[in-house]
Structure formats: structure tokens, C-alpha cells
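# Residue-level structural notes
Single-letter residue listing:
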Amino acid sequence: MTDLARIVAYPPPRSLERWVAGAWRVEAPDGHEVHTAPDASIDIVLASNEAFDGVFVGGPLRTFTKRALKGRTRLWGVSLRPGFAALLGVGADELPADWTPLAALQLSGARGAPGAGLADLFRLIEARAETARFDARVAETIARVDESRRGLSVAALARQAGLSERALRRLFERHVGMPPAAYLRILRFNRAVTRLRARRAEGLAETALAVGFADQSHMARDLRELGGLTATELLRGSPLALMSPSAPM
């Protein structure tokens, strides 16, 4: 083990692609600081170090976090796609962003708690998916947003879902853990991070417009407020953790 952290991202099994955005493994030395950005996912984490030992659930982040790890750390994690909190039998708005022991959720219908490794986390999700009930309106709205490459307003999304803006907000808070406006902002932020990391031959203003920001200053503000860094730091390879294969490390 070197004095550097190792973060490896994996695609989910095909049978779980509907619910799982990605899986990951982290190995880090004592005192390493993990800088994580929001992606609106719920994480199921198998952790082992001096502070944590067991399976935990982390609710959707709305801004970046920095966590100093205590002792040599090994983490295995699965990131659920936004809108699928029902896999855990709770509303996304009931899950704190900080880690909660999986046992505290008292999952009904689960075939035991995971033992160790990603395979057991995958089996837990498969067991839960058999009985979980999802809201099709939320899933369809998220798919519409994810597939769009232009800015969408909350009003337009509500109309397309056949709902009032207030009703759509309630559904998103229950199933995604945040209102639709916050989800749109986080999605735009992540698109900017991915594009900047790809180091395209374009200026920052062009990047901002390509991912839906009004201008470069708005992108700079969200990178700072949601990610705790600047575009220049991303271009230089800042070790921001986005635990998904679609957002390269």
C-alpha cells in the first residue's frame, strides 16, 4: 500500500443497470481526505477502518464533503440511481447525507445483510428490487432530464409529467431527496466536471454554455459551491471523487 489513495470505479451488472449507477472500491492510508461531490445518488457502503466497520447508507449530497479517514481504510460501495430510494424501504428525504448503519433501516423482505464485497451488495439490491415500488412519474422525469442536452425548467418538467410544480417538488423530495431545481443544478454541475476532466479543446465559456449554464461565471459559482474547487483545479487533475464510471476519477 502506498501513501496514495486508490479509487476504482466499476459498471454495475447488466441486471442492475436500471437501479445502479455504478460501483466502486476505495483503499486509502490513515488520514487520507476524501473529497466527494454531489451526484444525487444514494450510496450503500461496506466500510472497514478504525471509525466504521459494517454496512452503511448515505443519502443524497447537496454539496461537497471532505472526510478525513481514520486508519487504513477499505470501502466498497454501490451508488443507486436517483429516484430509487424505495429499494431501501424509505423516502430519500429521510436519509441523512452522513452514513447511517444499514441495520437501522430495518429492511423488510431483505434476505439478510451483506457480508463483504460488492457481490453481496448487489445481491441485497436484487432482493429488494423484487418487492420495491417506484414512482413511474419520477423515473420518467429523471430520464427526460438525463437525456436532454439543453436547459429544462421545473415548470416544463411538471407540465410534461402532468403535475403541478408543487406536486412534482413533493415527489422529488420523497424519491430523490431534493427538489427538482436542486437536481437540475447538480446534474449540470456533474456534466461540467466530466467535460472539464476530458480536457476538451474549448474555452471555459464554451464549456459553460455546452452543459446548460447561462455563462462562465455561473459555472464557476456552482463549481465552487457544489464542488469546493475551481475549473482550473479540475483541469489540473484535482482528486475529486465522483463514485461513478460515467464520471471518470
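As a reminder, the structure under discussion sits directly above these lines.
Residues numbered from 1 in each chain as written. Predicted model: local features only at pLDDT ≥ 70, side-chain atom pairs only at ≥ 80, totals over all residues. Heavy atoms only, no water.

## Here we look at the sheet that holds strand S2 (residues 20–28)
- Spatial strand order, S1-S2-S7-S4-S5-S8: six strands in an open sheet with antiparallel pairing. Single-partner strands in this sheet number two, and they are strand S1 (6–10) and strand S8 (100–101).
- Pairing of S1 with S2 involves five bridges; the strand directions are antiparallel. Bridged to Arg6 within S2 is Glu27. (Pairing = 2+ DSSP bridges. Helix = DSSP H or I, 4+ residues; strand = E, 2+ residues; numbered from the N terminus.)

## A look at the nonpolar core
- With 34 residues, the main nonpolar core has Val145, Leu168, Val176, Met178, Tyr183 and Leu223 as its most contacted residues.
- Taken together, the elements giving at least two residues each to this core come down to helix H2 (136–147), helix H3 (154–161), helix H4 (165–175), helix H5 (180–197), helix H7 (216–227) and helix H8 (231–235).
- Top element by residues in this core is H5. It accounts for nine residues.
- Core analysis: the second largest hydrophobic core is formed by 28 residues, Leu16, Ile42, Val57 and Val90 among them. (Core = buried A, V, L, I, M, F, W, Y, C linked by side-chain atoms within 4.5 Å. Buried < 20%, exposed > 50% of the residue type's maximum accessible area, 1.4 Å probe, protein only.)

## A short note on the side chain of Asp222
- Looking at the secondary structure, you find Asp222 in helix H7.
- A distance of 2.8 Å separates polar atoms of two side chains, one belonging to Asp222 and the other to Arg185.
- With sequence-adjacent residues up to four places away left out, Asp222 is seen in contact with Arg185, Arg188, Phe189, Phe213 and Gly227. (Polar contact = N/O pair within 3.5 Å; in protein donor to acceptor, adjacent residues only side chain to side chain. Contact = heavy atoms within 4.5 Å.)

## Some words on helix H1 (residues 118–129)
- Across its twelve residues, H1 extends 17 Å between first and last C-alpha, which sits within 8% of the 16 Å expected from 1.5 Å per residue.
- Turning to H1, its buried residues number three or more, namely Leu118, Asp120, Leu121, Phe122, Leu124, Ile125, Ala127, Arg128 and Ala129.
- Tucked inside the fold, the buried residues of H1 contact S1, S2, strand S4 (42–48), strand S5 (53–58) and strand S7 (73–80). (Expected span 1.5 Å × (residues − 1).)

## Concerning the packing of aromatic side chains
- In total, this model carries three aromatic pairs according to the counting rule given.
- Centroid distance Phe56 to Trp99: 5.8 Å. Interplanar angle 25 degrees. Geometry classified as stacked. Here Trp99 lies in the loop between S7 and S8 and Phe56 lies in strand S5, a separation of 43 residues in the sequence.
- The exposure class of Trp99 is buried, given its relative accessible area of 19%.
- Ring centres of Phe84 and Phe134 lie 4.9 Å apart, and the angle between their planes is 90 degrees; this geometry places the pair in the edge-to-face category. Highlighted residues: Phe84 in the loop between S7 and S8 and Phe134 in the loop between H1 and H2, separated in sequence by 50 residues.
- Under the relative-accessibility criterion, Phe84 is labelled buried at 8%. (Phe/Tyr/Trp six-rings, centres within 6.5 Å; stacked < 30°, edge-to-face > 60°.)

## Some remarks on the pattern of salt bridges
- Evaluation of the coordinates by the stated rule reveals eleven salt bridges.
- The salt bridge involving Arg174 is made with Asp93; its shortest N-O contact spans 3.9 Å. In this pair, Arg174 sits in helix H4 while Asp93 sits in the loop between S7 and S8, placing the two residues 81 residues apart along the sequence.
- For Arg174, a relative accessible area of 38% gives the class partly exposed. (Salt bridge = Lys/Arg side-chain N within 4 Å of Asp/Glu carboxyl O.)

## Let's talk about the side chain of Asp43
- With respect to the element layout, Asp43 can be found in strand S4.
- What makes Asp43 buried here is its relative accessible area of 19%.
- Aside from chain neighbours lying at most four places away, what touches Asp43 is Trp24, Phe56, Val57, Gly58, Val78 and Ser79.

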